[in-house]
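Summary of the model geometry
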Amino acid sequence: MSGISKKWLPGLIVPVAIVLASITVPLQANAVVDLPDKTAQEVLLMVNQDPNIAFSATITKSADLGFPALNLSTGMTDSMAKSAQELAPKGMEDFVPQAANSAQLAAALELVSGTQNARVYVDGPKKLRLQILDRMSERDFVVNDNKVWFYDAGTATVTYAELPKMPANLANKKAEARAIIEQYLQLASIDISTPAKAANLLLSNLDASTKVSVGSDAKVAGRTVYQLILEPRAAVSLVDSITIAIDSETGLPLDLTVKAKGQKAPAFELGFTSIDFAKPNAAIFDYATPPGATVTTVPMPTQADLAKAEAELNKAKIEYAADPAKMQAMIKAQLKAAGVDFGALNLNDLKSGELPYVTGRDWSTVIDVPASLVPAGILDNDTFSNLTKKVAGGRIISTSLFNVLITDDGHIFAGAVTIEALQASASK
Amino acid sequence: MSSSNNPVAKIKRPLGLSLLATELSVMFRRRRTYAMLGAVALIPIFLAIAVRLSSQVLAPGEGPPFLDRVTQNGLFVGFTAMIVGIPLFLPLTIAVVSGDTIAGEAGQGTLRYLLTAPVGRARLLLVKFAGAATFVFAATLTLMISGALIGAALFPVGPVTLLSGDVISVPESLLRALLVAAYVSISLLGLSAVGLFISTLTDVPVGAMAAIVTVSTVSQILDILPQLSVIHPWLLSHNWLGFVSLLRQPMDLSSFGANVLVQLGYIAVFGSLAYSRFTTKDILS
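Overview of the overall build of chain B
Summing up its helical and strand segments, chain B has 10 helices and 2 strands in all. Counting helices and strands in the order they occur from the N terminus, chain B gives α-α-α-α-α-α-α-β-β-α-α-α. Within chain B, residue pairs in contact and separated by at least 24 positions form 77% of the contacts whose partners lie at least 6 positions apart. Within the structure as shown, chain B displays about 12,600 Å² of accessible surface, and the carbon and sulfur contribution to it stands at 71%.

Structure, rendered in structure tokens:
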């Protein structure tokens with residue numbers, strides 16, 4: 001009997017050992033980190049300022065906004081959804097997922113839901129490659145000096161643009177602009193002559209709305225980091241805290257985590273999962289259009305175009321100063337010729353409540369979009385009613401980080417605040 | 001420790017290499033093995049012929065990944081066939097081979113005779129696993145080679161565009177095809193170990209095969225449920241399609257490493273369970 005029981009030992013020990021190892025190894029990676037203590041101001045000051053930084057890294061984005069489940073398929077094209085709807089039995093058309101056809105909608109949904117991985121290669125300010133690693137596909141964004149490519153493997157399309165070379169007198173212009181800014185700052189008696197003073201100013205301005213503190217030292221992507229924690233003071237804010245992890249050595253921000261009130265898992269996190277500060281291979285930024293891909297070249301103004309535009313602008317400025325009424329009439333005529341007719345529109349004539357209106361400030365900001373600007377029919381849309389639920393005074397789209405209230409009279413109120421706060425600003 | 005009360009254990013045993021040679025020669029002489037390798041080879045062939053005969057031009061992104069590229073470059077046939085074969089066809093053949101390892105011998109009544117040879121049960125188990133593993137590599141290689149041949153026969157062959165939009169030469173693409181085959185083979189070793197264990201539980205090989213296909217299917221279903229994302233990295237099938245990262249530039253070998261770790265874990269757990277079960281089992285047939 002003892003022989004039998006002994007022979008079962010490996011069958012017990014190995015699984016247990018593997019489970020233990022798989023739990024303890026990741027824990028060891030997160031072993032306690034102890035860095036020299038720093039204040040929030042000191043941490044702000046060490047944030048990377050070096051534009052020539054080079055690294056290769058992997059990035060993960062994950063969002064958990066508690067978004068209502070959507071009957072949308074980003075993998076579906078418009079024509080697929082249409083033919084599926086035609087094929088569906090009568091009365092069942094509604095069960096066919098709607099294609100997230102508009103690129104903006106797809107992009108917005110992508111941002112607020114799920115997990116995504118990317119790789120990024122950076123070599124100074126003029127060389128960048130970002131690879132969004134889709135499950136069976138990839139999207140690449142490459143910048144090499146003044147050349148910019150966007151490649152989508154899913155559709156085999158390349159979008160290419162050649163940025164105009166910076167004008168030679170750019171340095172002069174920068175100095176000019178800086179002098180103007182410094183003049184204004186002096187007038188407002190704001191002193192940001194040193195980085196330390198600028199950091200101080202930022203922190204003291206933030207303090208009224210936000211509690212800024214330095215959290216415990218941690219590890220991100222195998223690097224030791226300081227954690228700068230921002231906590232909104234507004235009680236109505238849905239945001240619990242925003243944590244920014246800053247590499248203790250290079251000052252590169254490595255992770256951004258947004259936590260929502262009443263939710264344990266981060267609502268949004270964007271951070272490095274691994275990073276290597278070696279210079280990436282130059283071949284990574286040498287991009288050539290792959291054969292068979294459709295190329296769209298985005299027209300960019302040349303340096304000559306820019307110079308011409310600047311000269312015309314200067315000329316127009318002088319003429320405008322000489323005779324404003326004549327110039328206004330001319331601009332209106334030109335716009336009308338281009339198919340834009342403002343008629344007798346005068347911004348001063350607009351009744352209040354016809355433009356989006358912002359109430360509250362900082363974390364309790366609420367945007368009020370008047371009914372006249374809301375597309376007609378949106379309230380009768382099926383997708384819309386699936387997305388929203390009924391509350392007093394209207395319907396609401398509720399997520400852990402933002403709420404949108406559509407009132408019965410058609411106004412839209414939106415903000416990173418509680419439903420009650422939205423209802424309160426709606427009833428005002 | 002297992003042999004302390006077994007006098008036979010004191011005699012120096014052969015390494016089991018001759019046993020492995022016999023095992024392999026028996027397996028690769030079976031008509032069933034050829035039928036399965038042939039079926040695997042047919043996946044890319046059907047795929048390529050269907051694309052060739054069809055007048056419909058696929059828009060980029062339509063159909064399984066890479067299918068729209070096949071008409072421009074025959075070398076994509078192997079990659080597409082691998083994606084098509086991974087969820088069901090390959091696990092099915094692995095289930096047949098690994099489910100048959102012990103249960104097949106027991107079912108035929110040959111297990112008794114096999115164990116009269118001076119090889120321990122542990123060694124027999126190792127030989128059986130090595131045999132199943134050899135079949136896994138043979139199956140993925142067959143698929144890749146058949147894909148490359150039919151692709152070259154029916155479509156133009158040239159430099160391959162990777163997912164990142166970078167272009168690699170034909171020799172490098174063949175190297176990557178081999179790497180993909182190796183990746184997929186390693187991906188299926190865990191399932192072979194599970195199969196070996198299930199095969200020690202029963203004398204009915206068909207039952208073991210069905211159970212192994214079930215394990216593979218359940219693992220894949222669990223992997224698509226977002227509510228279970230916590231356990232996803234631990235699932236047998238989680239990295240199965242991860243070979244896609246070998247088709248990016250620069251090539252990302254980290255998924256290769258993660259896959260090896262997970263599969264080694266499954267081999268260790270189910271290998272030791274199979275050992276415990278098999279060495280304590282009463283062999284009646």
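Having put the structure on the table, let's press on.
A closer look at the overall build of chain A
Within chain A, the regular secondary structure consists of 11 helices and 21 strands. Expressed as a percentage of the 428 residues in chain A, the buried residues total 30%. Of all intrachain contacts in chain A linking residues separated by at least 6 positions in sequence, the fraction that spans at least 24 positions is 51%. Element-wise, carbon and sulfur atoms account for 61% of the exposed surface of chain A, whose accessible area totals about 26,200 Å².

Side note on the interface of chain A and chain B
Contacts between chain A and chain B engage 31 residues on the former and 32 residues on the latter. Note on chain A versus chain B: buried area summed over both sides is about 2,700 Å², and carbon and sulfur give 61% of it. Considering only the surface of chain A that becomes buried against chain B, K7(A), W8(A) and M136(A) emerge as the three largest contributors, covering 26% of it. Inspection of the chain A/chain B interface yields 2 salt bridges. The residue E138(A) makes a salt bridge to R248(B) at a minimum N-O spacing of 2.8 Å. The tally of links between chain A and chain B comes to 13 residue pairs in polar contact (both at pLDDT 80 or more). Those elements giving two or more residues to the side of chain A that touches chain B turn out to be helix 1 (2-7), helix 2 (9-29), strand 4 (113-123), strand 5 (127-133) and strand 6 (138-144) of chain A. In terms of residues, the side of chain A that touches chain B owes the most to one element, helix 2 of chain A, which gives 6 residues. Of the residues contributing to the side of chain A that touches chain B, the split by class is 17 nonpolar, 6 polar and 8 charged.

Considering a nonpolar patch on the surface
Residue and element names in this part refer to chain B. On the surface, L141, I145, L149 and L178 cluster together into a nonpolar patch covering about 380 Å² of accessible area. Here the element with the most residues in the nonpolar patch is helix 7 (residues 121-154); it accounts for 3 residues. For L149, the location among the structural elements is in helix 7. In this structure L149 comes out as exposed when scored by relative accessible area, which is 58%.

Details of the packing of aromatic side chains
All names here are of chain B. According to the stated counting rule, one finds 9 aromatic pairs over all chains in the structure shown. Consider the rings of F197 and F270, whose centres lie 5.8 Å apart with planes at 50 degrees: the pair is tilted. Taken together, the residues F197 in helix 8 (residues 170-201) and F270 in helix 10 (residues 254-279) connect sequence positions 73 residues apart. No difference in accessibility class separates F197 from F270, as the two residues are buried.

Some thoughts on the pattern of salt bridges
For the structure shown, the criterion picks out 15 salt bridges over all chains. Here R32(B) ties to D100(B) by a salt bridge, and the two come within 3.2 Å at their closest N and O atoms. Here D100(B) lies in helix 4 (residues 89-100) and R32(B) lies in helix 2 (residues 31-53), a separation of 68 residues in the sequence. Take D100(B): its relative accessible area is 12%, and that puts it in the buried class. For K128(B), the salt bridge is made with E105(B), and the minimal N-O distance between the two is 2.7 Å. Residue K128(B) is found in helix 7, and its partner E105(B) is found in helix 5 (residues 103-108); the two are separated by 23 residues along the sequence. Pair check on accessibility: K128(B) and E105(B) agree, each one buried. Within this structure, R129(A), D140(A) and D166(B) form a network of salt bridges that share partners.

Side note on the confidence of the model for chain A
Chain-level statistics for chain A give a pLDDT mean of 79 and a share of 80% at 70 or above. A low-confidence stretch, residues 96-102 of chain A stays under pLDDT 50, and its non-local contacts, those more than four residues away or across chains, total 26 contacts.

A look at the sheet that holds strand 21 (residues 412-415) of chain A
Residue and element names in this part refer to chain A. Within the open sheet, the 6 strands sit side by side as 16-17-21-20-19-18. Their pairing is antiparallel. The open sheet terminates on both sides in strands that have one partner only, identified here as strand 16 (357-359) and strand 18 (389-391). Averaged over all pairs of adjacent strands, the angle between their axes in this sheet comes to 25 degrees, without regard to strand direction. Of the pairings in the sheet, the one linking strand 19 (residues 394-398) to strand 20 (residues 403-407) comprises 5 bridges and is antiparallel in character. Looking across to strand 20, one finds that S398 is bridged to N403.

As for the nonpolar core
Ranked by internal contacts, the top residues of the largest apolar core, which has 89 residues, are M82(B), L90(B), V180(B) and F243(B). When residues of this core are assigned to their parent elements, the largest contribution, 13 residues, is made by helix 8 of chain B. Setting aside anything within four residues of it in sequence, one finds V180(B) in contact with F79(B), M82(B), M144(B), F243(B), L246(B) and L247(B). The next biggest cluster of nonpolar side chains, apart from the first, holds 15 residues, and it includes A57(A), A218(A), V220(A) and L252(A).

Things to note about the environment of S272(B)
Considering the arrangement of structural elements, one finds S272(B) in helix 10. The spacing of S272(B) and F197(B) is 75 residues in sequence and 8.6 Å in space, taken between C-alpha atoms. Not counting residues up to four positions away in its chain, the partners in contact with S272(B) are P10(A), G11(A), V14(A), P15(A) and I267(B). In terms of polar contacts, S272(B) uses its side chain to reach the backbone carbonyl oxygen of A268(B), at 2.8 Å.

Cut-offs used in this document
Residues numbered from 1 in each chain as written. Chains lettered and ligands numbered in written order. Predicted model: local features only at pLDDT ≥ 70, side-chain atom pairs only at ≥ 80, totals over all residues. Heavy atoms only, no water. Helix = DSSP H or I, 4+ residues; strand = E, 2+ residues; numbered from the N terminus. Contact = heavy atoms within 4.5 Å. Areas by Shrake-Rupley, 256 points an atom, 1.4 Å probe, with all protein chains shown as cover. Buried < 20%, exposed > 50% of the residue type's maximum accessible area, 1.4 Å probe, protein only. Buried area = accessible area lost by both parts, 1.4 Å probe. Salt bridge = Lys/Arg side-chain N within 4 Å of Asp/Glu carboxyl O. Polar contact = N/O pair within 3.5 Å; in protein donor to acceptor, adjacent residues only side chain to side chain. Nonpolar A, V, L, I, M, F, W, Y, C, P; charged D, E, K, R; others polar. Patch = residues over 30% accessible without salt bridge, like charges linked within 9 Å, V, L, I, M, F, W, Y side chains within 5 Å. Phe/Tyr/Trp six-rings, centres within 6.5 Å; stacked < 30°, edge-to-face > 60°. pLDDT = per-residue confidence, 0-100. Pairing = 2+ DSSP bridges. Axes fitted to C-alpha atoms, helices over the stretch in contact; angles between N-to-C directions. Core = buried A, V, L, I, M, F, W, Y, C linked by side-chain atoms within 4.5 Å.

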